[in-house]
Amino acid sequence: MFWIIFTRLCAERGTTPEAVAAALDLPPTCLAELRCGAWPLGELRQRIADHLGVPEASLADNEPLEPHCRISAYK
C-alpha cells in the first residue's frame, strides 16, 4: 500500500506526510485519499519522490496490478 511506503520514507527523513503535502501545495483531500488506499499517478508520485529525494520506483514497488483508486497531481 502506497501510504505505508510513503509514511515509512517520511519517517526515515524526519518529515511527515502532512509536511510533504504542504510543501507540494497538495490539498488535504489528497492525503485523505492516500490514507484510504489511493495510488498517486506518475506525475504526483514523481513530485513526492523528488521531494523525499528517492527514486520514483521506491514509491511504486508494492503497487497492486489493479488499484481501486488512482489520483493525479493537484495544483
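Reading guide: rules and limits
Residues numbered from 1 in each chain as written. Predicted model: local features only at pLDDT ≥ 70, side-chain atom pairs only at ≥ 80, totals over all residues. Heavy atoms only, no water. Helix = DSSP H or I, 4+ residues; strand = E, 2+ residues; numbered from the N terminus. Buried < 20%, exposed > 50% of the residue type's maximum accessible area, 1.4 Å probe, protein only. Contact = heavy atoms within 4.5 Å. Arc of directions from axis to C-beta. Polar contact = N/O pair within 3.5 Å; in protein donor to acceptor, adjacent residues only side chain to side chain. Core = buried A, V, L, I, M, F, W, Y, C linked by side-chain atoms within 4.5 Å.

Q: Could you clarify how one ought to interpret the overall build of the protein in this entry?
A: The secondary structure content of the protein amounts to five helices and two strands. Counting the 75 residues in the protein, one finds 39% classified as buried. Intrachain contacts of the protein at a sequence separation of at least 6 include 68% that bridge at least 24 residues.

Q: Can you help me understand helix H3 (residues 28-35) in this one?
A: A turn of α-helix holds 3.6 residues, and therefore any two residues three or four places apart point the same way. Within H3, the full set of buried residues consists of Cys30, Leu31 and Leu34. With its buried residues spanning 95 degrees around the axis, H3 presents them on a single face.

Q: Would you explain the side chain of Ser58 in this entry?
A: For Ser58, the position within the fold is in helix H5 (residues 57-60). In terms of polar contacts, Ser58 uses its side chain to reach the backbone carbonyl oxygen of Pro55, at 2.6 Å. Among all residues touching Ser58, those that are not within four sequence positions of it are Ile5 and Leu9.

Q: Looking at this model, I keep getting lost on unusual backbone geometry. Mind explaining?
A: For Asp25, which is not glycine, the phi torsion reads 60 degrees and is therefore positive. Within the element layout of this structure, Asp25 appears in the loop between helix H2 (17-23) and H3. When its relative accessible area of 53% is taken as the criterion, Asp25 is described as exposed.

Q: Help me out: how do you make sense of the nonpolar core in this one?
A: One recurring pattern in soluble globular proteins is that nonpolar side chains are buried together. Among the nonpolar cores identified, the biggest contains 20 residues, and Phe2, Phe6, Leu34, Ile48, Leu52 and Leu59 are the most heavily contacted of them. Looking at this core, the elements that each hand over two or more residues are helix H1 (2-12), H2, H3 and helix H4 (42-52). The element that contributes the greatest number of residues to this core is H1, accounting for six residues. When residues no more than four places from it in sequence are discounted, the contact partners of Leu59 are Phe2, Ile5, Leu9, Trp39, Arg45, Ile48 and Ala49.

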